[in-house]
Amino acid sequence: MAGINPYNKYLKTFEVNGKEYKYYDLSALGPKYDQLPFSIKILLESAVRNCDNFQIKENDVENILNWKENQKVDGGIEIPFKPARVILQDFTGVPAVVDFAAMRDAVKDLGGNPEKINPICPADLVIDHSIQVDFARTPDALQKNQDLEFERNHERFTFLKWGAKAFNNMLIVPPGSGIVHQVNLEYLARVVFTGKDSVMYPDTVVGTDSHTTMINGLGVLGWGVGGIEAEAVMLGQSISMLLPEVIGYKLYGSLDQYVTSTDLVLTITKHLRQLGVVGKFVEFYGPGVAALSIADRATIANMCPEYGATVGFFPVDEISIEYLRQTNRDEQQVKRIEAYLKATKQLRNYSSGDNDPVFTQEVSLDLATVVSSVSGPKRPNDRVSVSSMKADFAACLTNKV
């Protein structure tokens, strides 16, 4: 059975606007903590906070803390991970709500209280993963398409509206709000959670959308999973994963004024595909990152499925904090987030190399070398520079299919 967390002795407090909050001081684990990649620090914090010597054991914490020695062990070292939340899109979110409704029916049939059946882990369901376009090129096209969407999916939307009211710990974002990973970035991301007993901890997420990885552009560690795995997390189970290698990707220099984030991400994708990063974390650092907006970082993180890594992670910095203000996050919440990140040494300063961690491997890119490009023509991850486009197009005309 689950026991008392042995790491509660590392709980410390800090004050924001006269109110006390708690956090796990992982620097007390020793000097190895300071050398860890920021993404691994987040996995470690989750293990420490959830350690009960049942699902997550002290040995799991030690395995993550000793990441430098364990990352390349033959066969890999398995670790448990409990994400802070789950994000669902409509195709997999609806079956999840159906399953929870079925569990409530079963509990009711057995004479129990069905209202006790709720997600343990917070879950957000964004309905507008796709919308059928019947009307276009008129000012009222969007409204007409949405009206048809409600008409065609009346039964499904009625069921989801019930779910939004019936279940605790579940937020259902209504139709017409935007596509899932955009809503996740601009509205749903917490960056830092404030949990029970005012304990603060990093926001982490698994999602049933393949581009859940976009959220890593804001410093929220997250990746895509299958529907069954997502439901298991919602029910309080941990995810089993191999302790990942972390590729440090250094960005320096500055982009040409005519170069877009798409040009940059195509260049990075081509580089990482050649390097081979499947099953690994990619963590970006270096002074070049400081010049990138959150939109640029999110574009790079969003292409993670194309270059094959588990995540393309950008630790939180002052630009991330400012983005929270720009997207209308509560100012008191923003101050708490900043105070927590400073207390736990997780606020990144990209312009300085003083807090650069140890990586499995380091690669770099001079942003000044990125040129205007187009993707394709067959695969979205392929890159052709604009200057070579004419020759490439001519060659494609005679190439085999």
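Reading the values: rules and limits
Residues numbered from 1 in each chain as written. Predicted model: local features only at pLDDT ≥ 70, side-chain atom pairs only at ≥ 80, totals over all residues. Heavy atoms only, no water. UniProt positions renumbered as here; feature names shortened; annotations may be inferred. Salt bridge = Lys/Arg side-chain N within 4 Å of Asp/Glu carboxyl O. Helix = DSSP H or I, 4+ residues; strand = E, 2+ residues; numbered from the N terminus. Buried < 20%, exposed > 50% of the residue type's maximum accessible area, 1.4 Å probe, protein only. Contact = heavy atoms within 4.5 Å. Pairing = 2+ DSSP bridges. Axes fitted to C-alpha atoms, helices over the stretch in contact; angles between N-to-C directions.

- You'll find the protein entered in an unreviewed UniProt entry as aconitate hydratase, with Cryptolaemus montrouzieri given as the organism.
- UniProt, in the comment section headed Cofactor (unreviewed entry), describes the protein in these words: "[4Fe-4S] cluster".
- Among the UniProt annotations of the protein, the heading Catalytic activity (unreviewed entry) holds the following wording: "citrate = D-threo-isocitrate".

### Structural notes on the pattern of salt bridges
Pairing of side chains with opposite charge becomes possible as their charged atoms draw close.
Line of reasoning, step 1. Scanning all chains against the criterion turns up 15 salt bridges.
Line of reasoning, step 2. Arg49 is the salt-bridge partner of Glu45, the closest N and O atoms lying 3.0 Å from each other. Linking Glu45 with Arg49, this pair stays in helix α2 (residues 38–50), spanning four residues, or about one helical turn. Note on accessibility: Glu45 and Arg49 belong to one class, buried.

### Quick word on the environment of Val316
Line of reasoning, step 1. Within the secondary structure layout, Val316 lies in the loop between β14 (311–313) and α14 (318–326).
Line of reasoning, step 2. C-alpha of Val316 to C-alpha of Leu347: the two residues are 31 residues apart in sequence and 5.6 Å apart in space.
Line of reasoning, step 3. When neighbours within four sequence positions are excluded, Val316 is seen to be in contact with Val191, Leu218, Gly219, Ile321, Leu341, Gln346, Leu347 and Arg348.

### Here's the deal with the sheet that holds strand β13 (residues 281–285)
Line of reasoning, step 1. Spatially, four strands are ordered β14-β13-β12-β15 in an open sheet, and the strand pairing comes out parallel. The sheet is open, and its two borders are formed by β14 and β15 (361–366), each paired with just one other strand. In this sheet, neighbouring strand axes are inclined to one another by 25° on average, regardless of whether the strands run parallel or antiparallel.
Line of reasoning, step 2. Where β13 and β14 come together, three bridges link them in parallel fashion. Note on β14: the bridge partner recorded for Phe281 is Val311.
Line of reasoning, step 3. Contacts from α2 reach β12 (246–252), β13 and β14, with the element oriented near 125° to β13.

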